[in-house]
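Understanding the architecture of this molecule
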Amino acid sequence: MKRLMGEIIEQAKPVKVSTMTYATHKEFFIALVSICEDLAIDVPFWTSREDRLLEKNQVVLLPLNNHIILRISSEDLSTTLI
């Protein structure tokens with residue numbers, strides 16, 4: 001199981017946060033759409049490039065306009081200590 005987190009970053013500060021869990025690639029996209037709906041933003045274009053960045057860095061930054069960024073991060077819950 002993994003946790004997908006979406007954050008609206010405005011002037012270097014998080015202003016809105018939404019999280020969803022997922023297990024499969026299909027569920028990832030459902031989680032991404034749900035997070036975007038919760039944050040009241042359009043779903044960003046998501047390609048294999050973003051997939052690779054998320055897998056490698058656990059975070060993808062997508063500019064929405066001049067001072068607002070959508071930060072998408074993923075965390076593997078099976079390796080998270082409780």
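Provided above is the structure to which this section pertains.
Throughout what follows, the structure given in this document is the object of discussion.

Conventions and cut-offs
- Residues numbered from 1 in each chain as written.
- Predicted model: local features only at pLDDT ≥ 70, side-chain atom pairs only at ≥ 80, totals over all residues.
- Heavy atoms only, no water.
- Phe/Tyr/Trp six-rings, centres within 6.5 Å; stacked < 30°, edge-to-face > 60°.
- Buried < 20%, exposed > 50% of the residue type's maximum accessible area, 1.4 Å probe, protein only.
- Helix = DSSP H or I, 4+ residues; strand = E, 2+ residues; numbered from the N terminus.
- Contact = heavy atoms within 4.5 Å.

Section: the packing of aromatic side chains
Tallying each qualifying case throughout the model produces three aromatic pairs. Between Tyr 22 and Phe 28, the aromatic rings sit 5.4 Å apart at their centres with planes inclined by 70°, giving edge-to-face as the arrangement. Since its relative accessible area comes to 7%, Tyr 22 is described here as buried. On the basis of relative accessible area, Phe 28 is assigned to the buried category, the value being 3%.

With respect to the environment of His 67
In this structure, His 67 sits in the loop between strand S3 (59–65) and strand S4 (68–76). The spatial distance from the C-alpha of His 67 to the C-alpha of Ile 9 is 8.1 Å, given a sequence separation of 58 residues. With near-sequence residues (within four places) excluded, His 67 lies in contact with Ile 9, Glu 10 and Gln 11.

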